[in-house]
Amino acid sequence: MSKIVEFFCPDKASRKNGMIELLRFVFCVTVVLLHSGPLFTGDFKPMRYGSYAVEFFFAVSGYLMMAHIEKAGGKPDKSLGAETIEFLWHKFKGLIPYLISVFAYGLIIHYIFLRDSLSASESYNYFVTSFGELFLLRMSGLKVQVLNGNLWYISAMLIVMLALYPIAKRLGDRFTHIIAPFTAVILIGFVSRCDAVLEKPGQWTTLGHIGTVRAAAALCLGCAAYAAAKAISERKFKTWFRVVMTVFEWLSYGFVIANMQFAGKKSVQLMMVYLTVALVAISFSGITYSCRFLNSKFIYTLGKFSLPWYIYHYVMRYTLQYLKLDLSTGVQFTIYILVGLALAIISDAIITLVKKHPIKISMP
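Definitions and cut-offs
Residues numbered from 1 in each chain as written. Predicted model: local features only at pLDDT ≥ 70, side-chain atom pairs only at ≥ 80, totals over all residues. Heavy atoms only, no water. Helix = DSSP H or I, 4+ residues; strand = E, 2+ residues; numbered from the N terminus. Buried < 20%, exposed > 50% of the residue type's maximum accessible area, 1.4 Å probe, protein only. Patch = residues over 30% accessible without salt bridge, like charges linked within 9 Å, V, L, I, M, F, W, Y side chains within 5 Å. Areas by Shrake-Rupley, 256 points an atom, 1.4 Å probe, with all protein chains shown as cover. Salt bridge = Lys/Arg side-chain N within 4 Å of Asp/Glu carboxyl O. Lys, Arg positive; Asp, Glu negative; His and termini not counted. Charge placed at Lys NZ, Arg CZ, Asp CG, Glu CD. Core = buried A, V, L, I, M, F, W, Y, C linked by side-chain atoms within 4.5 Å. Contact = heavy atoms within 4.5 Å. Phe/Tyr/Trp six-rings, centres within 6.5 Å; stacked < 30°, edge-to-face > 60°.

Caption draft 1: Representation of unusual backbone geometry within the structure. A positive phi is found at M47, a non-glycine position, where the angle reads about 50 degrees. Mapping M47 onto the fold places it in the loop between helix 2 (18-34) and helix 3 (54-72). For M47, a relative accessible area of 12% translates into the label buried. Even without being a glycine, L136 presents a positive backbone phi close to 60 degrees. Assignment of secondary structure puts L136 in the loop between helix 5 (120-134) and helix 6 (152-171).

Dropping the structure here:
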């Protein structure tokens, strides 16, 4: 019983940010709902304008990148290039089991349903180019076979970080205070004016895929948010102001999510990106009281689960589309959510088990 209470009760000693962990899960849910759109035949689509939910994840990643840079400090024993690769490799290696498993799922399912419609040459090209997605090259501009469209986010994030990390490391506050916000403002202005839509991150523009441009803008905003949060956290505020900011924080996140359902104008969506990043800075700064009741193992578990659910949910969507079952929209949606959740839980459990008990192969 005590363990159950401990699981749900706030942990005052934890250094994690419960608000951000909760939001990881919430924004993951909005993406899952967004991707359920093709299962609906009427005008209603859940979170139909929620494409910019991934900007929250980009912004958080930019913030954490800057936190890592400051924590690492100077490493005289390593070159800037080596340190950059070490940072990216650390992020990538944790994703490898998920990427390999979802790649295998996608390849098998797509092949089962497409094998009769592809020639031998097309099947070969399909197979070879699909590895571009496995190695997260899609958002580089290379034409690859897309098996799991939601992986564009991870591809764009790592590609952009390859350039941003050494710049941020070298320039420090000149980057977070000047270069990052300037770059973000210009890129968001470009996104606003170009013909590409947020719903299609793979759409090509003069600066590359629109998803890569969005990633660069939001990551830069996240870097700037780190500087803002740090400045806020160093100041003292009265209790009444913290209470007001806590209410503002929750209402504003609700406002952002409500716009994902109703605001179809790209200009409005991009304004929501700015608001989201400002809220990320507030949530990280500790100015509000949210973490006092959200810093629990339960919330941390929700935040951790957002990654596997994000990676695996798309498999269930296109499987249902391929099957073309004679089922009502509600039933298909229920299958999509529940089986997608089960797939994520089972896959994550297997991966966690393998990590804890790796198979050891001894040479004769």
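Now that the structure has been shown, the text picks up again.
Caption draft 2: How the structure looks around a positive patch on the surface. A cluster of basic residues, K16, K304, K355 and K356, forms a positive patch on the protein surface. Mapped onto the secondary structure, K16 falls in the loop between helix 1 (2-8) and helix 2. According to the relative accessible area criterion, K16 is partly exposed, its value standing at 47%.

Caption draft 3: Broad picture of the nonpolar core. F27, F58, M65 and Y153 are the most contacted members of the largest nonpolar core, which has 105 residues in total. Looking at which element gives the most residues to this core, the answer is helix 8 (residues 210-233), with 13 residues. Beyond its immediate chain neighbours, meaning those up to four positions away, F27 contacts A53, F56, F57, Y253, V256 and M260.

Caption draft 4: Region of the structure containing the packing of aromatic side chains. Going through the model one piece at a time under the given rule, you end up with 26 aromatic pairs. With a centroid separation of 5.6 Å and 65 degrees between ring planes, the pair formed by F40 and F333 is classed as edge-to-face. In this pair, F40 sits in the loop between helix 2 and helix 3 while F333 sits in helix 13 (residues 329-356), placing the two residues 293 residues apart along the sequence. What makes F333 partly exposed here is its relative accessible area of 23%. Residues Y153 and Y310 carry aromatic rings whose centres are separated by 5.6 Å and whose planes lie at 75 degrees to one another, so their mutual orientation is edge-to-face. Taken together, the residues Y153 in helix 6 and Y310 in helix 12 (residues 297-323) connect sequence positions 157 residues apart. Y310 sits in the buried class, given a relative accessible area of 6%.

Caption draft 5: Quick look at the side chain of R138. With respect to the element layout, R138 can be found in the loop between helix 5 and helix 6. Here R138 is buried and forms no salt bridge, its nearest opposite-charge partner E133 lying at an N-O distance of 5.1 Å. Dropping the residues within four chain positions of it, R138 is found in contact with G132, V144, V146, G149, W152, S155, G202 and H209.

Caption draft 6: Examining a nonpolar patch on the surface more closely. Taken together, the side chains of I108, I112, F113, L323, L325, L327 and V331 make up a nonpolar region of the molecular surface, amounting to roughly 550 Å² of accessible area. Element by element, the count of residues in the nonpolar patch is highest for helix 4 (residues 80-114), at 3 residues. With respect to the element layout, I112 can be found in helix 4.

Caption draft 7: Summary view of the pattern of salt bridges. Taken as a whole and judged by the stated rule, the model has 4 salt bridges. The salt bridge partner of E83 is K169, with a shortest N-O separation of 3.1 Å. On the criterion of sequence distance, the pair formed by E83 in helix 4 and K169 in helix 6 is long-range, its members being 86 residues apart. In this pair, the class of E83 matches that of K169, namely buried.

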